[in-house]
Amino acid sequence: MSFGLTALSVLSYSLCSGTMLLINKLAIFHLGHPTLISAVQLFSTTIWCLFIKYSRLIEVDDFEWSKVKPYLFYVVIFVLGVMTNMQSLAVSNVDTVIVFRACTPLAVALLDAVFLGRELPGKRSSFSLLLLAIGAYGYVSSDAQFSLNGFSAYYTVSI
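Worth saying up front: this structure is predicted, and the values here are computed from it rather than measured.

**A few points about the overall build of the protein**
Scanning the protein from N- to C-terminus turns up 8 helices and 0 strands. Start at the N end of the protein and walk to the C end: the helices and strands fall as α-α-α-α-α-α-α-α. For the protein, buried positions account for 19% of its 159 residues. Here the analysis covers contacts within the protein between residues at least 6 apart in sequence; of these, 64% occur between residues at least 24 apart.

Below is the structure:
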């Protein structure tokens, strides 16, 4: 993949992700009920997928319990992640959620090594992760919410 295509992919993902965070924050601010908003979003996605299937725009396989069953755990974890993200948006600002999301590679790199026996990141990756950690530390140290409440300000976001 060329550098231009990679940069475009990263930019597009960032734009979509950031826009959805802002839209969800606005929905929570104006409507309240983050869990209900998540449920409506998931329900709407389900309806859209069924529409695509039954209109035959795309060929979609039927559910087969033998194929669905192994993925139920991951579906539950995904839904819990969505709900936690919405709760985080309800109690903190968008900046905080973005910083904690950006720290995910730190946890993944360490947990991959510990639980999956993978190698720790190389020099370049470690340097990037270090810069990420420094940036997160800079944000936390300048955050007024953290100054007032300590780590309890980030409880929901860190789940």
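There's more to say after this.
**Thoughts on the confidence of the model for the protein**
Confidence in the prediction for the protein averages 87 pLDDT; 90% of positions are at 70 or higher. When pLDDT is averaged over each element of the protein, helix α2 (residues 34–54) comes out on top at 93 and helix α8 (residues 144–149) at the bottom at 64.

**Description of unusual backbone geometry**
Of note, H33 is a non-glycine position whose phi angle comes to about 55°, a positive value. Position of H33 relative to the elements: it lies in the loop between α1 (3–31) and α2. With relative accessibility at 56%, the residue H33 sits in the exposed group. At R56, a residue that is not glycine, the phi angle is positive and equals roughly 60°. With relative accessibility at 74%, the residue R56 sits in the exposed group.

Thresholds applied
Residues numbered from 1 in each chain as written. Predicted model: local features only at pLDDT ≥ 70, side-chain atom pairs only at ≥ 80, totals over all residues. Heavy atoms only, no water. Helix = DSSP H or I, 4+ residues; strand = E, 2+ residues; numbered from the N terminus. Buried < 20%, exposed > 50% of the residue type's maximum accessible area, 1.4 Å probe, protein only. Contact = heavy atoms within 4.5 Å. pLDDT = per-residue confidence, 0-100.

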